[in-house]
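Examination of the molecular architecture
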Amino acid sequence: MNGCLFCEIISGKRQTERVYEDEHCLAFRDINPQAPVHLLIIPRVHLGSLNEIDAAPDGLLHRLMRAAHEIAKQLKLDQKGYRIVINTGPQGGQTVFHLHIHLLGGRQMHWPPG
Ligand code: 5GP
Ligand code: ZN
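Residues numbered from 1 in each chain as written. Chains lettered and ligands numbered in written order. Predicted model: local features only at pLDDT ≥ 70, side-chain atom pairs only at ≥ 80, totals over all residues. Heavy atoms only, no water.

Regarding the pattern of salt bridges
Heads up, the condition is: For this document, the term salt bridge refers to a Lys or Arg side-chain nitrogen within 4 Å of an Asp or Glu carboxyl oxygen. Numbering of helices and strands starts at the N terminus; helices are DSSP runs of H or I of at least 4 residues and strands are runs of E of at least 2. Exposure classes here rest on a 1.4 Å probe applied to the protein chains alone. A residue is buried below 20% of its type maximum, exposed above 50%, and partly exposed in between.
Per the counting criterion, the structure on display carries 6 salt bridges. In this structure, Arg29 engages Glu17 in a salt bridge whose closest nitrogen and oxygen atoms are separated by 3.2 Å. Of this pair, Arg29 sits in strand β2 (residues 25–29) while Glu17 is found in the loop between α1 (5–11) and β1 (18–21), placing the two residues 12 residues apart along the sequence. Judged by relative accessible area, which is 56%, Glu17 ranks as exposed. Note that Glu21 and Arg44 form a salt bridge whose closest N and O atoms lie 2.9 Å from each other.

Structure follows, in structure tokens:
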């Protein structure tokens with residue numbers, strides 16, 4: 001989608017080191033990390049947010065979650081634990097309107113989140 005930051009990362013117009021990619025999604029480090037490990041996992045198709053999930057190809061969210069788990073295993077986060085976050089809409093804290101999963105790990109997480 002024109003003007004979408006994450007679509008520019010997918011197309012290669014914006015350079016970012018990819019830590020994981022498959023046919024459905026790719027993952028890269030958040031520019032403003034909130035934990036020792038803070039990755040963003042994004043689908044290759046543009047969806048503005050989780051609110052548009054009905055327009056997604058069947059099984060896309062499952063693919064994204066499998067990718068998150070795969071990355072967590074690769075980074076050896078799966079034993080101690082990690083956190084998955086999908087901020088949705090302005091009050092949910094979403095600032096980039098291309099659906100993405102935050103994968104956070106490497107420190108103790110707290111509850112409730114801010
Ligand atoms: P949101 O607030 O929408 O849930 O998450 C968007 C995330 O994208 C934020 O954590 C922000 O730090 C990250 N971000 C914004 N611009 C860039 C960028 O140009 N490169 C990378 N790697 N991350 C970005
Ligand atoms: Zn996009």
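Considering unusual backbone geometry
For the peptide bond that leads from Trp111 to Pro112, omega is 5°, which places it in the cis range. By the secondary structure assignment, Pro112 is in the segment after β5 (101–105). Positive phi, close to 60°, is recorded for Lys76, a residue that is not glycine. Relative to the assigned elements, Lys76 resides in the loop between α2 (60–74) and β4 (82–85). The class for Lys76 is exposed, based on a relative accessible area of 69%.

Honestly, that's just the spatial picture; any functional story needs more than this.
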